[in-house]
Amino acid sequence: MARVLFAWELGGDLGHARRVFEVARGLRRLGHETAFAFQDLLALGALGASAEWFQAPLIASPATAPTRPPLSHSEILVYRGYGDALSVAGNTRGWLGLFSLWKADALVADYAPGALIAARAARLPHVSIGSGFSTPPPRDPMPALRSWAAIEETALRRADATLLAGVRGGLERVNASAALPANASDVFRVEHNVLCTWPEIDPFGARADAEYVGPQDDPSTGAEAHWRASARPRVFAYVKAHDPRLPPMLDAIARLPGEAIVVALGLAPAQAAARSTPTMQVHSQPVALGPLLADCDLCISHGGPGTVAHALNAGVALALVPQHLEQVLVARQVVSTGAAVMWAPETPPAELPRWIAEAAANESIRKAAAGSTLRGRKSHDAAARVAAMLGA
Amino acid sequence: MARIAFAWEMGGEYGHVMSCAALAAGLAAHGHRIAFMFRELRQLSVVPEARDYDVFQAPRCAREGVGADVPAGYVDIMSGCGYSDPRELTGLLGGWRSLMSRWQPDMVVVDFAPTALLAAHSLGLPRVTYGNGFFVPPRSTPLPPFRFDAPIDVGRLARTEQAVLANTNAALVALGAKPLLRLAELFDADEHFICTFPELDHYGNRETSGYWGPRVRFDRGTDVPWPEGTGKKIFVYVKTNLPLLDPLLDHLASTEHRIVAYIPGLDEARRRRFASRKRVVCDRPVRLERFLRDCDLLVSHGGEISTGALMYGVPSLVFPTHYEQYATARRLEQLNVGVWLGPGATADLLPRAFAGVLDPRRVDIARTYARRYAAFSPMEQRRRIVARIEELIQGRGAILSPTSSQGTP
């Protein structure tokens with residue numbers, strides 16, 4: 001029996017918390033004890049008295065706000081404050097304090113770079129879990145996030161140097177006994193990397209030094225929704241209500257022949273009802289994806305790895321409307337297999353109806369999705385793999 | 001030897017860390033074990049003695065201040081820091097309870113940290129509050145507003161308090177703890193170290209066992225001599241994000257005053273432009289203990305440094321940046337020992353502000369105030385607070401007065 005602390009520091013939405021809860025449940029089933037250290041405690045508040053949790057040590061962002069998007073993973077961390085030795089020192093002390101307070105035997109990190117820095121310093125066994133984006137392949141220099149854009153190597157090296165100075169300086173201040181990182185890439189090096197996704201949709205492409213276990217959420221759970229008629233095409237959309245493209249998207253989907261089910265997360269229930277039509281159900285809460293995707297022609301999504309994996313698992317083609325970089329990277333992978341089209345961000349929103357109608361009628365992506373290598377692939381139990389890696 | 005945890009949840013700047021560290025040093029010197037449960041951990045770099053303490057991140061609302069208005073009372077601050085959502089508050093309270101249950105303090109010293117107070121209350125832990133008066137409201141029902149410069153919608157405040165109480169109780173129940181009858185219970189403690197004097201209390205007078213004088217630590221930093229010559233001796237301690245920084249420096253440069261300025265992060269160009277034989281720019285904090293005895297005016301953002309300077313008879317020109325500093329500035333103004341300029345002030349107001357605050361009558365009042373509390377000493381204050389905390393830990397009933405010279409063990 002081991003005491004396993006789960007850490008989540010960066011990244012928004014509930015995806016990280018959900019994955020962590022799923023893996024933690026699995027570890028508890030195997031007889032281990034778990035606790036959580038999250039940057040945002042909101043999701044933990046729902047667990048009540050049965051769970052134990054802590055605030056993840058926070059790090060102050062630099063005083064001057066960045067003027068452009070980050071170039072590399074090193075720069076993502078620099079933008080979050082990891083280029084400042086005093087911040088790293090404080091953050092690391094916070095993590096070391098927590099490890100010893102809770103007497104953790106091991107750490108499971110879901111996009112938790114500070115926890116990983118501290119775990120290496122404390123020689124605490126650790127495993128990374130995630131969907132790929134948070135554990136980029138370590139390279140020297142750390143590669144550009146947008147491989148398709150022209151970026152000078154010196155800029156990448158500068159970001160690496162800033163990160164390295166911050167992390168080394170911070171660790172020196174807390175008298176960490178373990179070896180200091182020699183390169184920025186060492187900050188991203190993880191002993192055990194459990195990817196809750198598949199190589200085909202890994203944002204950085206298939207890699208050998210990670211173990212793919214597939215998505216950990218069960219697509220058959222959740223509120224039920226049903227196709228009402230037999231008209232085709234059947235379009236399922238899973239999008240965020242705060243996306244400014246939602247209204248034109250809903251207009252376009254409503255005009256499609258066939259039938260549509262839209263989950264617009266965060267939409268007011270009254271608005272969802274108001275936007276529904278005889279051929280388009282609009283939901284504001286998540287629904288069980290499995291039964292819907294089992295008989296569906298197109299899935300419209302932002303490109304979250306979970307939805308993408310479930311759609312391809314059911315052989316359903318995708319029309320992807322990414323909101324952020326991680327989703328763009330996933331979308332590019334799926335597009336390269338021929339099973340999806342991706343909305344180009346610079347296109348005017350007025351083009352959306354035509355683009356969606358074309359996607360719904362696109363035989364080529366439908367055929368590629370039907371033949372996807374992911375079709376019918378079963379996920380492995382991440383908790384069992386994590387336990388095995390930790391020797392627990 | 002006892003285990004003593006310090007909790008800091010809300011507010012910014014270095015004052016919280018510095019004050020807690022000063023008190024912790026006194027307790028650590030008596031062999032007690034210290035834990036810092038702090039909102040910001042970067043600032044540990046300014047208190048190297050914390051190397052020997054246990055250090056933890058304090059729970060902190062991820063949506064702090066979202067949609068919050070200018071606060072009129074304590075419940076408005078709570079609302080903006082997680083108390084408007086029972087689930088979020090359960091997350092925060094659960095985080096504090098885990099820290100405290102695991103570390104098992106014999107005493108929790110609560111700086112600006114209502115959720116730490118709530119956690120200690122729910123776990124039945126001994127606790128004291130330690131702050132400048134703003135951090136703990138008088139325990140009435142409803143809690144009194146602190147805003148006195150604008151009309152207050154009492155009904156709205158009462159509704160906010162009801163919502164905050166309901167969410168607090170939802171969080172307590174979710175974690176298996178007993179709900180509160182009144183929100184004021186959250187602020188029950190074994191002792192309140194209200195570290196100010198009644199004239200400067202943000203809430204005005206309150207029922208308390210005494211005022212302990214401001215939390216100041218002026219025995220650290222570099223000794224800096226005042227520049228030679230004539231002219232008023234003005235100490236400037238502001239941040240570079242002060243909107244009137246350039247006009248302020250230009251105005252001071254146009255006078256004959258002797259200036260010592262500590263402006264962290266001031267760029268080289270500004271420094272070169274401003275510095276002269278009569279104007280010294282320091283790059284490290286200034287040791288204020290002796291320095292302030294000779295000072296005619298403090299220019300700062302306000303807060304505890306300005307009330308501390310007043311103990312030396314030094315009036316203040318204040319540029320408040322948040323509500324607590326503003327409330328202190330208004331108190332200084334009421335006492336006639338300070339002038340303040342808000343964030344929207346324009347440069348043309350500077351000459352009059354300086355003339356007003358350097359008016360000899362104001363200086364006289366400041367000196368009179370200092371004489372009223374001539375016996376106040378920050379070191380003696382801390383010694384008494386340490387002694388009182390030890391009394392409480394040992395369960396002794398004797399009440400140690402903050403101000404009398406009797407009763408010191």
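Residues numbered from 1 in each chain as written. Chains lettered and ligands numbered in written order. Predicted model: local features only at pLDDT ≥ 70, side-chain atom pairs only at ≥ 80, totals over all residues. Heavy atoms only, no water.

J.: It is not clear to me how the overall build of chain B should be interpreted in this structure. Could you clarify?
T.: What chain B contains, in helices and strands, is 13 helices and twelve strands. Here chain B has a C-alpha radius of gyration of 22 Å; the compact-globule value for 409 residues is 22 Å, and the two agree. Here the C-alpha coordinates of chain B stretch approximately 65 × 45 × 40 Å along the principal axes. A burial count over chain B gives 57% of its 409 residues as buried. Of all intrachain contacts in chain B linking residues separated by at least 6 positions in sequence, the fraction that spans at least 24 positions is 66%. With an accessible surface of roughly 16,300 Å², chain B has 51% of that area assigned to carbon and sulfur atoms. (Helix = DSSP H or I, 4+ residues; strand = E, 2+ residues; numbered from the N terminus. Rg over C-alpha atoms; globule rule 2.2 N^0.38 Å. Buried < 20%, exposed > 50% of the residue type's maximum accessible area, 1.4 Å probe, protein only. Contact = heavy atoms within 4.5 Å. Areas by Shrake-Rupley, 256 points an atom, 1.4 Å probe, with all protein chains shown as cover.)

J.: Just checking my understanding: could you explain helix α2 (residues 74-83) of chain B for this structure?
T.: An α-helix turns once per 3.6 residues; consequently, residues spaced three or four apart project the same way. All names here are of chain B. Along α2, nine of the ten residues are buried, which leaves the element largely enclosed by surrounding structure. Taken together, the buried positions of α2 are occupied by Tyr-74, Val-75, Asp-76, Ile-77, Met-78, Gly-80, Cys-81, Gly-82 and Tyr-83. Those residues of α2 hidden inside the fold are in contact with α3 (86-103), α4 (114-123) and α5 (154-174).

J.: So what exactly am I meant to see when it comes to the side chain of Arg127(B) here?
T.: Residues and elements named next belong to chain B. With respect to the helices and strands, Arg-127 occurs in strand β5 (residues 127-131). Separated by 3.0 Å, the side chain of Arg-127 and the backbone oxygen of Asp-188 make a polar contact. Look past the residues within four positions of Arg-127 in its chain and what remains in contact with it is Met-107, Val-108, Leu-117, Ala-120, His-121, Asp-188, Ala-189, Asp-190 and Glu-191. (Polar contact = N/O pair within 3.5 Å; in protein donor to acceptor, adjacent residues only side chain to side chain.)

J.: Sorry, what's going on with the domain arrangement of chain B here?
T.: Residues and elements named next belong to chain B. As assigned here, chain B comprises domain 1 (3-213 + 377-394) and domain 2 (233-372). The centre of domain 1, based on its C-alpha atoms, is set 29 Å off from the matching centre of domain 2. At the junction of the two partners, domain 1 supplies 19 residues and domain 2 supplies 18 residues. Surface buried jointly by domain 1 and domain 2 totals about 1,700 Å² across both partners, of which 57% is contributed by carbon and sulfur atoms. (Domains from an automatic or database assignment. Buried area = accessible area lost by both parts, 1.4 Å probe.)

J.: Quick question: what am I supposed to make of the interface of chain A and chain B here?
T.: When the parts of a complex come together, some accessible area is lost, and that lost area is often used as the size of the interface. Taken together, the contacts link 27 residues of chain A with 30 residues of chain B. Counting the surface lost from both chain A and chain B, the interface buries some 2,300 Å², and carbon and sulfur atoms represent 60% of this. Contact with chain B buries surface across chain A, with Leu42(A), Arg93(A) and Leu101(A) losing the most and accounting together for 27% of the total. Between the two partners, chain A and chain B, sit three salt bridges. We note a salt bridge from Glu52(A) to Arg102(B), for which the minimum N-O separation is 2.7 Å. Linking chain A with chain B are eleven residue pairs in polar contact (both at pLDDT 80 or more). Elements with a contribution of two residues or more to the side of chain A that touches chain B: α2 (42-45), β3 (53-55) and α4 (85-102) of chain A. In terms of residue count, α4(A) provides more of the side of chain A that touches chain B than any other element does, ten residues in total. For the side of chain A that touches chain B, the class distribution of residues is 14 nonpolar, eight polar and five charged. (Salt bridge = Lys/Arg side-chain N within 4 Å of Asp/Glu carboxyl O. Nonpolar A, V, L, I, M, F, W, Y, C, P; charged D, E, K, R; others polar.)

J.: I'm lost on the domain arrangement of chain A in this one. Help?
T.: Residues and elements named next belong to chain A. Assigned domains within chain A: domain 1 (3-214 + 380-390) and domain 2 (234-370). In this structure, domain 1 and domain 2 have C-alpha centres spaced 30 Å apart. Counting residues at the interface gives 14 residues for domain 1 and 13 residues for domain 2. Of the roughly 1,200 Å² buried between domain 1 and domain 2, counting both surfaces, carbon and sulfur atoms make up 65%.

J.: In this structure, what is going on with unusual backbone geometry? I would like to understand it.
T.: Peptide bonds are trans in most cases, and residues, glycine excluded, mostly fall at negative phi. Residue Pro141(A) follows Asp140(A) across a cis peptide bond; omega there is -5°. Among the structural elements, Pro141(A) can be located in the loop between β5 (126-130) and α6 (153-173). Geometrically, the link from Arg232(A) to Pro233(A) is a cis peptide bond, its omega value of 0° lying close to zero. Among the secondary structure elements, Pro233(A) is positioned in the loop between β7 (211-212) and β8 (234-240). The phi dihedral of Gln104(B) falls on the positive side, at around 55°, and the residue is not glycine. Examined against the element boundaries, Gln104(B) turns out to sit in the loop between α3 and β4 (107-110).

J.: Help me understand the packing of aromatic side chains, please; the structure alone is not making it clear to me.
T.: Aromatic ring pairs: the centre-centre distance and the angle between the two ring planes describe each pair. For the structure on display, the rule yields 31 aromatic pairs over all chains. Ring geometry for Tyr326(B) versus Trp340(B): centroids 5.2 Å apart, planes at 85°, classification edge-to-face. One end of the pair, Tyr326(B), is in helix α10 (residues 323-334); the other, Trp340(B), is in strand β12 (residues 338-340), with 14 residues separating them in the sequence. Directly above the aromatic system of Trp102(A) lies the positively charged group of Arg3(A), at a separation of 4.1 Å from the ring centroid. Positioned above the aromatic ring of Phe148(B), the side-chain terminus of Arg331(B) is 4.4 Å from the ring centre. (Phe/Tyr/Trp six-rings, centres within 6.5 Å; stacked < 30°, edge-to-face > 60°. Lys NZ or Arg CZ within 6 Å of the ring centre and 35° of its normal.)

J.: Help me out: how do you make sense of the packing of α2(B) against α3(B) in this one?
T.: How two helices pack is summed up by the angle between their axes together with the distance between the axes. Residue and element names in this part refer to chain B. The geometry of α2 relative to α3 is characterised by a closest axis approach of 9 Å and an angle of 85° between their N-to-C directions. Judged by the angle between their axes, α2 and α3 are roughly perpendicular. Between α2 and α3, the contacting residues are Cys-81, Gly-82 and Tyr-83 on the first element and Glu-88, Leu-89 and Leu-92 on the second. (Axes fitted to C-alpha atoms, helices over the stretch in contact; angles between N-to-C directions. Parallel < 35°, antiparallel > 145°, perpendicular 65-115°, else oblique.)

J.: Just to check I follow, could you spell out the sheet that holds β8(A) for this structure?
T.: To summarise the sheet geometry, strands pair through backbone hydrogen bonds and adopt either a parallel or an antiparallel arrangement. All names here are of chain A. The six strands are arranged β10-β9-β8-β11-β12-β13 in an open sheet whose pairing can be described as parallel. Both outer strands of the open sheet, β10 (280-283) and β13 (340-342), are each paired with one neighbouring strand and no more. Between one strand axis and the next, the sheet turns by 15° as a mean value, whatever way the strands run. Alignment of strand β11 (residues 298-301) against strand β12 (residues 317-320), held across four bridges, turns out to be parallel. Within β12, the position partnered with Ser-301 by the bridge is Leu-320. On top of the sheet, helix α12 (residues 325-337) reaches β12 and β13; it is set at about 135° to β13, its chief contact. (Pairing = 2+ DSSP bridges.)

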